[in-house]
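Working through the structure, step by step
Take a look at the letters that make up each chain.
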Amino acid sequence: MAKNSAGTKTLLQSLDALIEKYHLLKHPFYQAWTEGALSKESLQLYAEQYYQHVRAFPENLKQLADRAQGPVKELIEENLAEEVDPTAPHPLLWRQFAESLGVSHAALAEARALPGIAALLDTFEDVTSNGTMAQAVATFYAYEAQVPEISTQKIAGLKKFYDVTEPSALAYFAVHQEADVRHRAAWRSWLEKQNNGDNFEVLCAAERGLKALWGALDAVYPQSCAAAKN
């Protein structure tokens, strides 16, 4: 990213441009999902691997909440409360999805992170532990801004092509269809009020997060890497 690229746009305009550039619905894995072109084995690998991010995400929020103060702390804690809601904690909802594909709880617990997944975990851990509040919020915004539309496409694909129709199996995506509309609005509202003068560093953090999310899908769908080289 050229350092002067952030100067002619607001922070949110620049963030939205980055999200559009790296939007995960453009990734070959999700395109194959929505076209019914994934094998069951590909979906199972995805369920096993991406669970590690789903499981770590509440801890990322907790780490950030511990460092935060004022309104942003309340915002983060509200997000965290939904993730760990005792009636339907999000990692449990993901396990229900994985189980519908024939992936056991033991397989989820024992799965070893592929390099792209490990890089995603490290990226979110680093920004929540060491990044500025603006860098972390921008990274979360860039992630959750995409999730409602992705969840809608996933549900449609699962129902149409993969015979996954049980509400419990789709619950993780159904929850995020709605919840992340609110989350992205909350992150966006906070970012809109910031004027820290470090937009370049904030955008770099968000871009790093977006690239890590893309790389996680590369890890479970190596065909996309091969296609990129042709």
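Here is a short report on the structure shown in this document. (Residues numbered from 1 in each chain as written. Predicted model: local features only at pLDDT ≥ 70, side-chain atom pairs only at ≥ 80, totals over all residues. Heavy atoms only, no water.)

1. Some remarks on the overall build of the protein
Threshold: In DSSP terms, a helix is any run of H or I states spanning at least four residues, a strand is any run of E spanning at least two, and both are numbered starting from the N terminus. For the radius of gyration, the atom set is restricted to C-alpha positions; the globular benchmark scales as 2.2 Å times the number of residues to the power 0.38. Pairs of residues are marked as contacts when any of their non-hydrogen atoms sit within 4.5 Å. Working definition of accessibility: Shrake-Rupley area with a 1.4 Å probe, residue cover restricted to the visible protein chains.
A count of helices and strands for the protein gives twelve helices and zero strands. Order of helices (α) and strands (β) in the protein, N terminus to C terminus: α-α-α-α-α-α-α-α-α-α-α-α. Scaling as 2.2 N^0.38, a compact globule of 230 residues should have a C-alpha radius of gyration of about 17 Å, and the protein matches this with 17 Å. Seen through its principal axes, the protein has C-alpha atoms that stretch 50 × 45 × 30 Å. In the protein, of all internal contacts separated by at least 6 residues, the share reaching a separation of at least 24 is 83%. Carbon and sulfur atoms make up 52% of the accessible area of the protein, which amounts to about 10700 Å² in all.

2. Some points on the pattern of salt bridges
Note the threshold: Every case where a carboxyl oxygen of Asp or Glu lies within 4 Å of a side-chain nitrogen of Lys or Arg is listed as a salt bridge. The cut-offs for exposure are 20% and 50% of the maximum accessible area for each residue type, with area from a 1.4 Å probe on protein chains only; residues under the lower value are buried, those over the upper are exposed, and the others partly exposed.
In total, this model carries eight salt bridges according to the counting rule given. One salt bridge connects Glu-178 with Arg-182, and the closest N-O pair in it is separated by 2.7 Å. In this pair, Glu-178 and Arg-182 are both assigned in helix 10 (residues 167-192), four residues apart and thus about one turn of the helix distant. Here Arg-182 falls in the partly exposed class, since its relative accessible area comes to 37%. Residues joined by salt bridges that share partners form a network here, namely Glu-82, Glu-178 and Arg-182.

3. Considering unusual backbone geometry
Peptide bonds are, in most cases, trans, and in most cases residues other than glycine have a negative phi. One non-glycine residue, Asp-163, lies in positive phi territory at about 55°. Along the chain, Asp-163 falls in the loop between helix 9 (147-161) and helix 10.

4. Section: the packing of aromatic side chains
The geometry of two aromatic rings is summed up by the distance between their centres and the angle between their planes. Going by this rule: Working definition: a ring pair exists when centres of Phe, Tyr or Trp rings (six-membered ring for Trp) sit within 6.5 Å. Plane angles under 30 degrees give stacked, over 60 give edge-to-face, the rest tilted.
Under the counting rule described, the total for this entry stands at 24 aromatic pairs. For the pair Tyr-46 and Tyr-50, a centre-to-centre distance of 5.4 Å together with 15° between the ring planes defines the contact as stacked. Within this pair, Tyr-46 and its partner Tyr-50 are both found in helix 3 (residues 40-67), separated by four residues, close to a single helical turn. The same class applies to Tyr-46 and to Tyr-50, which are both buried. Ring geometry for Trp-94 against Tyr-172: centres 4.9 Å apart, planes inclined by 90°, an arrangement best described as edge-to-face. Note that Trp-94 is positioned in helix 5 (residues 90-100) and Tyr-172 in helix 10, a separation of 78 residues in sequence. Of the two residues, Trp-94 and Tyr-172, both sit in the buried class.

5. Some details on helix 2 (residues 28-35)
Just so we agree on the cut-off: Directions are taken from the helix axis to each C-beta atom, and the arc is the one they span.
Buried within helix 2 are the following residues: Phe-29, Tyr-30, Ala-32 and Trp-33. Each buried residue of helix 2 sits inside an arc of 155° when the element is viewed along its axis, so together they form one side. Buried positions along helix 2 lie against helix 3, helix 5, helix 9, helix 10 and helix 11 (199-220). Gly-36 sits one or two residues past helix 2 and shows a positive phi near 75°.

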